[in-house]
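A structural walkthrough
Spelled out from the first residue to the last, the chains are:
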Amino acid sequence: MSQPTSAPERVPAGARLMLGLAAGAVAFAAADTYVVVLALVDMMQGIGLSPEQLQRAAPIISGFLLGYVAMLPLIGRIADLRGRVPVLTASLVVFALGSIITAAAYDMPTMVTGRFLQGVGGGGLVPATLALVADLYPPERRAVPLGLVSAVQEIGSVLGPLLGAVVLAVADWRAIFLLNLAVGLVLAAAIAAAARSVAPGGRGTGADDVGGRGASAASHETHVRRRPPDVLGVLLLLVALVAGGLVFQPPTQLLTDLTWGQLFIPFVEGGGRWLTPVGAVAVAAVVLLVVRCLTAPRPLVDLRAWGRSLREADVVGATYLAVALGGVILAFATADPKIEVFSDQGWWYLLGAVVGAVAFAVHLRRAESPLLPRGALAARPAWGSVVVSFFVGAALIAALIDVPLFARTTVYPDSQLMAALVLVRFLAALPVGAVVGGYLTRVLPASVVTAIGMLMAAAGFLAMSRWDIDSLESWTATIPLVVGGLGFGLALAPVNAAVLAVTADAVHGLASAMVVVARMVGMLVGISALTTIGLRRYYAEQAAVPPVQDVCPAGTTRCAEYSDLLKAAGIAQEQTVFLGAAGCAVVAAVLALWLLRGAPTRGTSPLRVNAMG
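Please read all numbers here as calculations on a predicted model, not as lab measurements.

Taken as a whole and judged by the stated rule, the model has twelve aromatic pairs. In this structure an aromatic cluster arises from ring pairing among Phe406, Phe426, Phe461, Trp467, Phe488 and Phe578. Here the guanidinium or amino end of Arg82 rests over the ring plane of Trp306, the centre of that ring lying 4.3 Å away. A cation over a ring is seen here: Arg273 above Tyr106, with NZ or CZ 3.8 Å from the ring centre.

And the structure:
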């Protein structure tokens, strides 16, 4: 951590630009988490599934979540060992690669593979960006930028469906992922350029090695990258891309041509697309490219360095933890919340999660350099931030999902867009709360700021739990939305600031990843549990509705009075969800007061910011 001196320095403009680009990338990747909401049916039809086979499309969503959550700890650890900027740019490249595979997908395995890679790339941006804030700012100045990064991440996840709607209005679903490809590559190039504008120095950091190894290594990397690219590697990459593109989306003109069409005939009867001449060329090009990158003096991609980083980051331990997290994700993602918290299959996923967790715990005790270094999260505010983040996520998801659902149930039954716009009142308040929370964390303990924020969120949910069929037509409905948004905004910054303040610089990426993982798992578990509880209330209310013939005039099968009774049952369901979310928020507030107390997030004297911040 930085040491107190006489006067603070300003963060260099290039560093601020780099952080702004990284935060923008986090928001864009978070939007992709939910961008398939509107495009899912079209994506299913693109790989040969009918809308009636919706259950078979679950891997398209769970594949992304697996990549996003399960790989976060490993990526966070690599960001600590290799540096923030290399991980940011690599994550964006992986995100772009996943996007183009998804856009070109022709069956379920390829689409799930693309979505998984998108999740890995999008998730990897978050811990690297949060750790970058810690590199650029001393503890007493981190809260505001940390809050802004967290706020844009949550906003992005809600704006995803709106982005999908805009693109689908003018193009088909593949355009969504082609847009991801373009934006991902542009942001990667922009972050790399911004990093090069920041002079090496300070805490052993360099333009391309923020928070990682020493300045000499960073300077060497910068020098290497300025040399001409590996021509042979570039050629192999182009061959792999062209041949792979022909495998994924073969042009009809080539398929029907008597000569060129032979390139797409499998070597063996019944063989897949990859067992064709063009598929063999693509596979051979990829293999040769990997060999080239492993053996060339100046490879296109330094796979040897990344391999060393994987070994140093403890890929075995990361695998155990990924199995544990993946089991939890699949257990809830495969459930039907109308009747159960998890499906029969989900219990097996949970068993796998338990086995993975036990193996990870044993590995941590035996490994010489484990994924989670001994004592890294030993401080109470460190592991406490992880616990608090879980309950913050469990409460937050109720606002993101159920506020639009309530609007659809009541005043906007025929307009998904108008229902989503109701949430804008909440979202507009969230970043404001993040900034205010950042400033408050400079003068108040992080535990107090977090508790105040979550109690405000609980108050907002309690007010929402009293909404009726006409509530959203009154201006007073805006009050709980704004109060709730401000409350969550207040809580985001101090939780991240607390964990970064009590952990060493060398584990900031990993610590940030664990907090994000906890919030994502909390969101998944929270929406499953709260929705299940709410639907049980709905069925109980529905059972009390008189038969239609007792309500409607004789000879009719439906009337306004009967529809109002069913609508009241739906409102009761959402009220129950809001009450449950209020309970989660109160738990988060109480835990924050206890677990985050003592975190040194306030500065009593000016701190000097090094050349990187």
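Packing of helix α16 (residues 380-409) against helix α19 (residues 446-464) brings their axes to within 12 Å, and their N-to-C directions diverge by 30°. As for the relative orientation of α16 and α19, their crossing is left-handed in sense. Counting all contacts with α16, which are made through Val388, Val392, Ala395, Ala398, Ala399 and Val403, the residues of α19 involved are Thr450, Met454, Phe461 and Met464. A breakdown of the residues in the contact of α16 with α19 according to their chemical character gives nine nonpolar, one polar and no charged.

Scanning the entire structure with this criterion turns up four salt bridges. Notably, a salt bridge pairs Asp135 with Arg84, separated by 2.7 Å at the nearest N-O pair. Taken together, the positions of Asp135 in helix α6 (residues 108-136) and Arg84 in helix α5 (residues 84-103) put the pair 51 residues apart, joining distant regions of the chain. Each member of the pair, Asp135 as well as Arg84, carries the same accessibility label: buried. One salt bridge connects Asp230 with Arg292, and the closest N-O pair in it is separated by 2.9 Å. Taken as a pair, Asp230 in the loop between α9 (215-225) and α10 (231-248) and Arg292 in helix α12 (residues 277-295) lie far apart in primary sequence, 62 residues in all. Since its relative accessible area comes to 7%, Asp230 is described here as buried. Several salt bridges share partner residues, and in doing so they unite Arg77, Asp80, Arg84 and Asp135 into one network.

Another point: the side chain of Thr601. In this fold, Thr601 is placed in the segment after α23 (560-595). When sequence neighbours within four positions are dropped, the list of residues in contact with Thr601 reads Pro139, Glu140, Thr441, Ala446, Ala497, Ala498 and Ala501.

Throughout the structure, instances matching the rule amount to two cavities of 30 Å³ or more. Taken as a whole, the second largest cavity spans an internal volume of roughly 40 Å³. Residue lining of the second largest cavity: Ser389, Val392, Ala491, Leu492, Val495, Asn496 and Arg519, and that is the complete set. Put simply, the parts of the chain that give the lining of the second largest cavity at least two residues each are α16 and α20 (478-501). If you tally residues by element for the lining of the second largest cavity, the top one is α20, at four residues.

Moving on to α12. Residues spaced three or four apart along an α-helix point in a common direction, a consequence of the helix completing one turn every 3.6 residues. Across its 19 residues, α12 extends 27 Å between first and last C-alpha, which sits within 8% of the 27 Å expected from 1.5 Å per residue. Those residues of α12 that fall on the buried side of the exposure criterion are Val278, Gly279, Ala282, Ala285, Leu289 and Cys293. Viewed along the axis of α12, the buried residues span an arc of 125°, placing them on a single side of the element. Elements that come into contact with the buried residues of α12 comprise α10 and α13 (303-312).

Mapped onto the fold, Leu490 is located in helix α20. Taking C-alpha positions, Leu490 is 7.7 Å from Ile452, a pair spaced 38 residues apart along the chain. With residues up to four places along the chain from it excluded, the contact list for Leu490 reads Gly433, Ala434, Val436, Gly437, Leu440, Val449, Ile452, Gly453 and Met456.

Further remarks concern the confidence of the model for the chain. Across the chain, the average pLDDT comes to 81, with 84% of residues at 70 or higher. Here α9 stands out as the element of the chain with the lowest mean pLDDT, 41, in contrast to α19, whose mean of 95 is the highest. Overall, residues 199-225 carries pLDDT values under 50, and its contacts beyond four positions in sequence, including any with other chains, amount to 58 contacts. A low-confidence stretch, residues 604-613 (pLDDT under 50), is modelled with 47 contacts involving residues beyond four sequence positions or located in other chains.

This brings us to unusual backbone geometry. Its identity as a non-glycine residue notwithstanding, Asp314 has a phi of 70°, on the positive side. Following the sequence through the fold, Asp314 ends up in the loop between α13 and α14 (315-333).

Moving on: the side chain of Ser389. The residue Ser389 is located in helix α16 in this model. Taking relative accessible area as the criterion, Ser389 reaches 2% and is therefore assigned buried. Sequence-distant contacts of Ser389, that is, excluding residues within four places in its chain, are made with Val495, Val515, Ala518 and Arg519.

Calculation notes
- Residues numbered from 1 in each chain as written.
- Predicted model: local features only at pLDDT ≥ 70, side-chain atom pairs only at ≥ 80, totals over all residues.
- Heavy atoms only, no water.
- Phe/Tyr/Trp six-rings, centres within 6.5 Å; stacked < 30°, edge-to-face > 60°.
- Lys NZ or Arg CZ within 6 Å of the ring centre and 35° of its normal.
- Axes fitted to C-alpha atoms, helices over the stretch in contact; angles between N-to-C directions.
- Helix = DSSP H or I, 4+ residues; strand = E, 2+ residues; numbered from the N terminus.
- Left-handed = near helix turned anticlockwise from the far one by under 90°.
- Contact = heavy atoms within 4.5 Å.
- Nonpolar A, V, L, I, M, F, W, Y, C, P; charged D, E, K, R; others polar.
- Salt bridge = Lys/Arg side-chain N within 4 Å of Asp/Glu carboxyl O.
- Buried < 20%, exposed > 50% of the residue type's maximum accessible area, 1.4 Å probe, protein only.
- 1 Å grid on protein atoms, 1.4 Å probe; cavity = no way out; pocket = protein on both sides within 12 Å on 5 of 7 lines; lining within 4 Å.
- Points joined across faces, edges and corners; volume = space filled by probe spheres on them.
- Expected span 1.5 Å × (residues − 1).
- Arc of directions from axis to C-beta.
- pLDDT = per-residue confidence, 0-100.

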